[in-house]
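Below are the chains, spelled out letter by letter.
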Amino acid sequence: MTGLFHKPKRNLRKLIRRGDFEEAIALGNSMEEKYQYDPDFIFIMASVFYILQDPKKTLQYIDRVLAINEYDTDALGLKLRVHQHFKENAKVIECCKKILEVDSDAYDVRDILNELERK
């Protein structure tokens, strides 16, 4: 058991890959205080809730990542998908534009933006 907390984020990812989501959430909750300002950890937690189809919880974590780095393209991409789920097109467009500011080669994002702006 001593190795469990040696590389906690790695162990968290391993639990997610195995599909042990309840255990991953429990481990994540126990790590929350120590890693509360670590954008990688926060993104991992957002991903768990995205997989579990809990969009509100996903957004809570994603917004924390974006508070640390507003141009994190992975976080913006996940946020974009959640807003698509809610059919919040204005927020999807906002996410697309921010992603394209950082990565002008994000053609899939450009396609989403072009489609929404035509409507």
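Our structure is the block above this text.
I will try to describe carefully the structure that is included in this document. (Residues numbered from 1 in each chain as written. Predicted model: local features only at pLDDT ≥ 70, side-chain atom pairs only at ≥ 80, totals over all residues. Heavy atoms only, no water.)

### As for helix α3 (residues 39-51)
Stated formally: A run of H or I in DSSP becomes a helix once it reaches four residues, and a run of E becomes a strand once it reaches two; helices and strands are each numbered from the N terminus. By definition here, a helix of n residues has an expected span of 1.5 Å times n minus one. Any two residues whose heavy atoms approach within 4.5 Å at even a single point are treated as in contact. Identification of polar contacts relies on pairs of N or O atoms within 3.5 Å, with a donor-acceptor requirement for protein atoms, meaning one able to donate a hydrogen and the other able to accept it, and with residues adjacent in sequence counted only if both atoms are side-chain atoms.
An ideal rise of 1.5 Å per residue puts 18 Å on 13 residues; α3 measures up with 18 Å between its terminal C-alpha atoms. For α3, the secondary structure elements touched by its buried residues are α1 (8-18), α2 (21-31), α4 (55-68) and α5 (73-85). Its side-chain oxygen 2.9 Å from the backbone nitrogen of D40, D38 forms the N-cap of α3. With its phi angle positive at about 60°, Q53 sits one or two positions after the end of α3.

### Focus: the packing of α2 against α3
Where we set the bar: Here, axes are lines fitted to C-alpha atoms. For helices the fit covers the stretch in contact, and angles between N-to-C directions go from 0 to 180 degrees. By the definition adopted for this analysis, an angle is roughly parallel if under 35 degrees, roughly antiparallel if over 145, roughly perpendicular if from 65 to 115, and oblique otherwise. For a crossing to be left-handed, the near helix must be turned anticlockwise from the far one by less than a right angle; the clockwise case is right-handed. Under the convention adopted here, Pro, Cys and the residues Ala, Val, Leu, Ile, Met, Phe, Trp and Tyr are nonpolar, Asp, Glu, Lys and Arg are charged, and Gly plus all remaining residues are polar.
In contact at an axis separation of 11 Å, α2 and α3 are set at 150° when each is read in the N-to-C sense. It follows that α2 is roughly antiparallel to α3 by the angle criterion. Judged by the sense of rotation from one axis to the other, the crossing of α2 with α3 is left-handed. Seen from α2, the contacting residues are F21, I25, G28, N29 and M31; seen from α3, they are F41, M45, V48, F49 and I51. Each residue belonging to the contact of α2 with α3 can be placed in one class, and the counts come to eight nonpolar, two polar and no charged.

### Let's talk about the pattern of salt bridges
Filter applied, for reference: We define a salt bridge as a side-chain nitrogen of Lys or Arg found within 4 Å of a carboxyl oxygen belonging to Asp or Glu. Categorising residues by exposure relies on relative accessible area from a 1.4 Å probe, with only protein chains included: less than 20% of the type maximum marks a residue as buried, more than 50% marks it as exposed, and the intermediate range marks it as partly exposed.
Scanning the entire structure with this criterion turns up six salt bridges. Measuring nitrogen to oxygen at the nearest pair gives 2.9 Å for the salt bridge that ties K79 to D63. Here K79, found in helix α5, pairs with D63, found in helix α4; they are 16 residues apart in sequence, far enough to count as distant. With relative accessibility at 18%, the residue K79 sits in the buried group. For D63, a relative accessible area of 37% translates into the label partly exposed.

### Focus: the side chain of D72
What counts is decided by this rule: Neither His nor the chain ends is counted toward charge; the positive residues are Lys and Arg and the negative residues Asp and Glu.
On the secondary structure map, D72 appears in the loop between α4 and α5. No salt bridge is formed by the buried D72, whose closest oppositely charged neighbour, R13, lies at an N-O distance of 11 Å. Of the polar contacts made by the side chain of D72, one reaches the backbone nitrogen of D74; its length is 3.0 Å. Look past the residues within four positions of D72 in its chain and what remains in contact with it is V65 and L66.

### Some details on the environment of Y71
Along the chain, Y71 falls in the loop between α4 and α5. Judged by relative accessible area, which is 31%, Y71 ranks as partly exposed. Separated by 31 residues in sequence, Y71 and V102 place their C-alpha atoms 6.9 Å apart. Setting aside residues no more than four positions away along its own chain, Y71 makes contact with L76, K98, E101 and V102. Of note is the side chain of Y71, whose polar atom sits 3.2 Å from the side chain of E101.

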